[in-house]
Amino acid sequence: MKIAKPLIHPTPKKGWINDPNGFCYFRGRYHLFAQHNPLSPTWGPMHWLHFSSPDLLHWREEGIALKPEHPYELPWGCFSGTAIEDEGTLRLYYTGCQEGAQVQCMAYSLDGVSFVKHEGNPVLDGASLPVGYSVKDFRDPKIVKQNGRYYLLMGAKKEGLGSSILCYDSPDGFRFSFLSTFYTGVDEVDGCLECPDLLLLDDHRALLSFSPQNKPSHGKGSFQNIASSVYVYGEVDLPSGHFRPLSGEIEFDQGFDFYAPELLRHGDECYLAAWAAMWGREYPMAEQGYANSLLVRRISYRDNRLLQSFVPDLDSYWDTNRDYGDRLVDSDLVLFDFGGDCKRIRFEIESDSGFSFVLHGGYIISHEAGSPYLSFARTAEAYGSMKIGQAADSTRYVKAGDLPRYYFDILIDGYVIETLINHGEYAITSQYFSKGDNSLRFQGKCRVSGLSLSFLKGRQ
């Protein structure tokens with residue numbers, strides 16, 4: 001089966017990608033890197049693959065920015081990290097993954113294209129770890145600069161159960177010293193708090209994000225994957241290395257395929273980039289020589305809630321728009337002529353007795369009357385040749401409340417489906433492999449209002 005490649009989600013020409021890295025704005029363009037194996041559409045020794053864009057929609061593959069070549073990066077490569085612009089220089093901080101130990105490194109660029117590794121690498125190693133933490137799982141540096149000092153947040157697994165985010169500081173970004181245990185995971189599980197990030201909302205408030213491995217479910221609709229991605233709202237004081245949580249760990253996305261978000265503030269806007277896939281699976285597009293994609297969304301935080309939306313320029317991106325207006329559905333309504341590899345669907349749905357709608361013949365979103373949950377199911381058709389390993393269940397749940405109506409904003413781009421509910425209060429990302437059914441089908445007794453479809457055809 002020929003699988004349509006996404007048009008507006010960063011996707012490699014060949015090889016494997018996973019976590020986004022180094023999300024930044026430098027010299028008039030957005031830059032986004034990904035963990036990358038150029039030799040195979042499966043995980044392998046990690047490189048950084050570089051994408052850039054003027055608008056977060058038109059992505060250009062710039063080539064490999066970092067490759068494993070020094071003893072401090074061998075044999076497993078250049079693992080995840082972040083970027084910072086510092087007085088006209090773009091710095092990348094990343095993890096060098098040795099056998100049995102992980103160390104932190106830096107590379108820099110004056111043009112945003114060619115990168116030189118710091119002669120003094122590593123800038124931080126396992127000798128700096130507090131007692132009780134493992135040098136084998138000490139990774140994913142987040143770099144922050146405030147009032148002339150540099151702060152590095154690190155995911156660090158304990159030698160037994162449990163994991164923390166540790167904070168280091170530096171006067172120059174080259175020599176770091178341990179400052180504090182910034183945050184410790186809520187659950188004592190056998191995994192690391194991967195890919196920590198910190199989005200400063202002001203001088204004293206921040207969103208701390210990270211991706212805990214093997215976090216147990218807290219009930220229906222929570223932590224449904226083998227690895228999760230969460231944020232915590234709290235008060236922060238970087239000079240003391242202090243973070244005081246004011247919320248619990250809240251998931252960014254309840255879907256099948258979302259991991260390792262990285263956050264960016266640019267001007268008045270904030271964004272996240274994430275991996276639109278999940279561990280423990282083999283994906284059918286690998287037969288075409290590549291595997292997986294990234295996604296980018298705009299985010300805001302208000303009224304103690306993170307809201308997500310598609311990037312602003314998406315509204316002006318479409319070749320064709322169709323408005324279907326309002327429809328009453330008595331039992332079944334099928335809309336065909338729903339082709340095109342990239343499209344957006346928006347509508348509000350109201351029902352007293354429950355409803356469901358089906359995309360491409362097998363991706364089913366439904367609500368039962370009286371239930372606080374929306375369900376998202378992928379039928380067997382969705383999997384194709386995908387082996388889903390530990391993530392074997394085919395349904396995800398979102399606890400959105402038993403409401404009289406729900407608003408859906410759905411972006412379908414190749415095999416990536418992003419669903420935003422109630423103006424971005426909830427998000428569900430899934431890979432889905434259609435076998436050619438181009439229908440949208442509503443079932444149940446419901447009213448569908450403001451139904452619109454937008455299409456992008458054939459643009460690469």
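An account of the accompanying structure is given in this report.

Calculation notes
Residues numbered from 1 in each chain as written. Predicted model: local features only at pLDDT ≥ 70, side-chain atom pairs only at ≥ 80, totals over all residues. Heavy atoms only, no water. Pairing = 2+ DSSP bridges. Helix = DSSP H or I, 4+ residues; strand = E, 2+ residues; numbered from the N terminus. Polar contact = N/O pair within 3.5 Å; in protein donor to acceptor, adjacent residues only side chain to side chain. Contact = heavy atoms within 4.5 Å. Phe/Tyr/Trp six-rings, centres within 6.5 Å; stacked < 30°, edge-to-face > 60°. Buried < 20%, exposed > 50% of the residue type's maximum accessible area, 1.4 Å probe, protein only.

### Some remarks on the sheet that holds strand E8 (residues 116-117)
Within a beta sheet, neighbouring strands are joined by backbone hydrogen bonds and run either parallel or antiparallel to one another.
Phase 1: Reading across from one edge, E5-E6-E7-E8 is the order of the four strands in this open sheet, with antiparallel pairing throughout. Each edge of the open sheet is held by one strand with a lone partner, namely strand E5 (75-86) and E8.
Phase 2: Bridge analysis of E5 against strand E6 (residues 89-98) gives 10 bridges, and the strand direction is antiparallel. Paired with Gly-77 across the two strands is Cys-97, which belongs to E6.

### With respect to the side chain of Arg-139
Phase 1: When you line up the elements, Arg-139 lands in strand E9 (residues 133-146).
Phase 2: Of note is the side chain of Arg-139, whose polar atom sits 3.4 Å from the side chain of Gln-102.
Phase 3: Among the polar contacts made by the side chain of Arg-139, one reaches the side chain of Asp-137 at a distance of 2.7 Å.
Phase 4: Discounting chain neighbours no more than four positions away, the residues touching Arg-139 are Phe-79, Thr-95, Gln-102, Gln-104, Met-154, Gly-155, Cys-192, Glu-194 and Gln-213.

### What to know about the packing of aromatic side chains
Phase 1: All told, the structure shown has 31 aromatic pairs when counted by the stated rule.
Phase 2: Ring centres 4.7 Å apart and planes at 55° place the aromatic pair Trp-275 and Trp-279 in the tilted group.
Phase 3: The exposure class assigned to Trp-275 is buried, which follows from its relative accessible area of 0%.
Phase 4: Centre to centre, the rings of Phe-347 and Phe-357 are 5.1 Å apart; their planes meet at 85°, and the pair counts as edge-to-face. With Phe-347 in strand E25 (residues 342-350) and Phe-357 in strand E26 (residues 355-359), this residue pair connects regions lying 10 residues apart in the sequence.

### Observations regarding the environment of Pro-20
Phase 1: With respect to the helices and strands, the residue Pro-20 is situated in strand E1 (residues 15-26).
Phase 2: For Pro-20, a relative accessible area of 2% gives the class buried.
Phase 3: Considered as a pair, Pro-20 and Ala-260 are 240 residues apart in the sequence and their alpha carbons are 7.0 Å apart.
Phase 4: Excluding residues that lie within four positions of it along the chain, Pro-20 makes contacts with Leu-32, Phe-33, Ala-34, Tyr-259, Ala-260, Glu-262, Ala-273, Ala-274, Trp-275 and Leu-294.

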